[in-house]
Amino acid sequence: MSNSKKKSVIVEARGLEKVYRQGAIEVPALRGVDLTLHAGEFTVLAGSSGSGKTTMLNLIGALDVPTAGSLSVDGQELSKLSGKALARMRLDRIGFVFQAYNLVPVLTAYENAEYVLLLQGVPVAQRKERVMALLKSVGLDGMENRRPSELSGGQQQRVAVARAIAAQPTLVLADEPTANLVSRTGTEMAMCTCSASGWTRPISTRPPMY
């Protein structure tokens, strides 16, 4: 394959380790993880509860720092970035779908999905067009004025998906994003996340299937 046809590396981890400390007790969450992900790939991290899936996503998303090893996202070695640069990367390049949704309770579905675009300074008309289209695509058409408390768990999850992809990030990190959705709807959400304008590169976690 010629260099022009090779896909760019989005995530590269080498010897990644994460140890949590509870007093004198050390709890290893990750041990020597090597991982390479390329643009356009859809990757699923599967494992039992406590196997380190969420920890891995938190490290890739620059929400936590590794105990050892190296980690690069979109060509940037995270350990070399300042706190301000890391915050900018999370804002511009990474979309998150948290397991607990992490929606702002006082904001509507529309405002939650719009929030990242507002921080980026996207013009009002452009924000409205993009957010309304996304809410419709995830099946929330007509629910844009409802707050999280007025939505079911599955509907809140859809808002979280819309928020994650609204800013057209380089990378989407999703922690069990279809856990509260029925099978067909979960598949639709995954397809929406993958195919919306063709720019997202999702990494998703899920428990193992037995």
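Residues numbered from 1 in each chain as written. Predicted model: local features only at pLDDT ≥ 70, side-chain atom pairs only at ≥ 80, totals over all residues. Heavy atoms only, no water.

Caption draft 1: Local environment of the side chain of Lys53. Topologically, Lys53 is positioned in helix H1 (residues 53-60). Within the local environment of Lys53, its side chain forms a polar contact with the backbone oxygen of Ser48, the two atoms lying 3.3 Å apart. (Helix = DSSP H or I, 4+ residues; strand = E, 2+ residues; numbered from the N terminus. Polar contact = N/O pair within 3.5 Å; in protein donor to acceptor, adjacent residues only side chain to side chain.)

Caption draft 2: Seen up close, the packing of aromatic side chains. For the structure on display, the rule yields one aromatic pair. With a centroid separation of 5.3 Å and an interplanar angle of 5°, the aromatic rings of Phe96 and Phe98 are classed as stacked. Phe98 gets classed as partly exposed once you look at its relative accessible area, which sits at 26%. (Phe/Tyr/Trp six-rings, centres within 6.5 Å; stacked < 30°, edge-to-face > 60°. Buried < 20%, exposed > 50% of the residue type's maximum accessible area, 1.4 Å probe, protein only.)

Caption draft 3: Representation of a nonpolar patch on the surface within the structure. Together, Tyr20, Ile25 and Val27 line one region of the surface with nonpolar side chains, adding up to about 240 Å² of accessible area. One can find Tyr20 in strand E1 (residues 9-22). (Patch = residues over 30% accessible without salt bridge, like charges linked within 9 Å, V, L, I, M, F, W, Y side chains within 5 Å. Areas by Shrake-Rupley, 256 points an atom, 1.4 Å probe, with all protein chains shown as cover. Salt bridge = Lys/Arg side-chain N within 4 Å of Asp/Glu carboxyl O.)

Caption draft 4: Representation of the pattern of salt bridges in the model. Taken as a whole and judged by the stated rule, the model has six salt bridges. Between Lys18 and Asp64 there is a salt bridge, with the nearest N and O atoms lying 3.3 Å from each other. Of this pair, Lys18 sits in strand E1 while Asp64 is found in the loop between H1 and strand E4 (68-73), placing the two residues 46 residues apart along the sequence. The residue Glu114 makes a salt bridge to Arg127 at a minimum N-O spacing of 2.8 Å.

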